[in-house]
Amino acid sequence: MRANPAIGVPAPEAGMRIGLLGGSFNPAHKGHLDLSLCALARLDLHQVWWVVSPRNPLKETLQVAPYEERLERAHDLAQHPAIVVSDIEYRMGLRYTIDTITALQNRNPGVDFVLLLGADNVLQLPHWRNWRKIIMRLPLAVMPRAPYTRTARTGKVAQIVNNHHVYGHTDNLHAHLRPPALIFLEGPENPLSSTALRNKET
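For every chain, the first residue of its written sequence is number 1, and the numbers climb from 1 along that sequence. Residues qualify for local features only when their pLDDT is at least 70, as the model is predicted, and side-chain atom pairs are given and counted only at 80 or more; totals for whole chains, interfaces and linings, by contrast, use all residues. In computing side-chain properties, one takes all heavy atoms of the structure into account and sets aside hydrogens as well as water.

Caption draft 1: Focus on the nonpolar core. Note on terminology: a nonpolar core comprises buried Ala, Val, Leu, Ile, Met, Phe, Trp, Tyr and Cys residues joined through side-chain atoms within 4.5 Å. Relative accessible area decides the class of each residue, using a 1.4 Å probe on protein chains only: under 20% of the type maximum gives buried, over 50% gives exposed, and in between gives partly exposed. Residues Leu20 and Val157 are the most contacted members of the largest nonpolar core, which totals 30 residues. Counting residues in each nonpolar core, the second largest holds 28 residues, with Leu40, Ala78, Ala82 and Val85 among its members.

Below is the structure:
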C-alpha cells in the first residue's frame with residue numbers, strides 16, 4: 001500500500017501498526033504533527049491516520065469551519081509519507097470514537113490500531129461515549145501537553161488502566177501495544193490548540 005497523504009478510506013495491509021489521531025482538526029496545527037511524528041518514531045508505527053470528524057459531539061456549541069476546509073488544511077499540513085488524512089467518518093456516517101474503532105477493527109482484523117491522544121484528551125476521555133470500552137479495545141498513547149500532563153498521569157483513566165502504564169523512556173514501546181495500556185510518550189509539551197489558533201485568526 002502506498003502511504004502518501006490521501007483523503008479517503010485507507011486499505012492497510014495485515015500486520016501493520018497504525019496510530020489513530022481523531023478530532024475536528026479545527027484547524028490542524030503543529031501539535032497534531034508533533035504527536036504523529038513522535039508516535040511513528042517511538043511506537044514503530046507503519047502509519048498514522050488523521051481521522052477528521054465531521055462534527056465533534058463534545059463541541060457542538062463551538063464555531064466549526066466547513067468540513068472540506070478542515071480536511072484540506074489537514075492534508076496540507078500532513079506532508080509526511082506515513083501520515084494519511086482520512087474522511088472515513090464522513091463517508092461511513094460515524095460520529096463517536098467507539099463506533100469508528102469498531103468499524104475499523106471489523107474491516108481490518110489483521111491490523112493493530114493505537115489511539116493517539118494529547119494529555120488534555122486523556123482528561124476528557126471519561127466524557128466520551130463508551131469510554132471504558134475504548135480503553136479495552138485499543139492501547140492509548142499519550143503525548144505530553146502543558147499544563148495537563150501531570151494530571152493525566154494520575155487521573156481517572158490512569159486509575160482505570162492501573163498497572164498498565166508505560167513511560168516513554170522504556171525500550172521497545174511497540175511491544176506494549178496490547179490493551180489495556182496507557183503509554184506516555186516523551187516529547188515537547190506543545191501548548192498549541194485549535195481554539196487558540198481560531199481566536200488568533202479571527
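Caption draft 2: Up close: the packing of aromatic side chains. Within 6.5 Å between ring centres, the rings of Phe, Tyr and Trp (the latter by its six-membered ring) count as paired, and their orientation is classed by plane angle as stacked under 30 degrees, edge-to-face over 60, tilted in between. For the coordinates displayed, the defined rule picks out three aromatic pairs. An angle of 65° between the planes, with centres 5.6 Å apart, marks the rings of tryptophan 49 and phenylalanine 113 as edge-to-face. Highlighted residues: tryptophan 49 in strand β2 (residues 47-52) and phenylalanine 113 in strand β4 (residues 112-118), separated in sequence by 64 residues. Judged by its relative accessible area of 0%, tryptophan 49 is buried. For a ring to carry a charge above it, either NZ of a lysine or CZ of an arginine must fall within 6 Å of the ring centroid while also lying within 35 degrees of the normal to the ring plane. Lying over the aromatic face of tyrosine 96, arginine 129 brings its terminal NZ or CZ to 3.8 Å of the ring centre. The ring of phenylalanine 184 carries the charged tip of arginine 153 above its face, separated from the ring centre by 5.0 Å. Segments assigned H or I by DSSP are reported as helices when at least four residues long, segments assigned E as strands when at least two residues long, and all are numbered from the N terminus.

Caption draft 3: How the structure looks around empty space enclosed by the protein. We place a 1 Å grid over just the protein atoms. Points where a 1.4 Å probe fits but has no way out form a cavity, open points with protein on both sides within 12 Å along at least 5 of 7 lines form a pocket, and any residue with an atom within 4 Å of a point lines it. Grid points are joined across faces, edges and corners, and a volume is the space filled by probe spheres set on the points. Overall, the coordinates contain one cavity of 30 Å³ or more when judged by the stated rule. Empty space within the largest cavity amounts to approximately 40 Å³. Around the largest cavity, the lining residues are Ala119, Val142, Met143, Pro144, Thr149, Ala152, Arg153, Phe184 and Leu185. Every element with two or more residues in the lining of the largest cavity is listed here: β5 (140-143) and α7 (149-152).

Caption draft 4: Looking closely at the pairing of strand β1 (residues 17-23). For β1, a buried count of five out of seven residues is recorded, marking the element as mostly surrounded by other parts of the structure. Pairing between strands is defined by DSSP: at least two bridges between the two strands are required. Pairing between β1 and β2: six bridges, direction parallel. Counterpart to isoleucine 18 in the pairing with β2 is glutamine 47. Here the term right-handed applies to a crossover when the path leading from its first strand over the helix to its second strand runs clockwise, the strands being oriented away from the viewer. The β-α-β motif built from β1, the intervening helix α1 (residues 30-42) and the parallel element β2 has right-handed crossover chirality.

Everything listed here is a matter of coordinates, which is why it stays silent on function.
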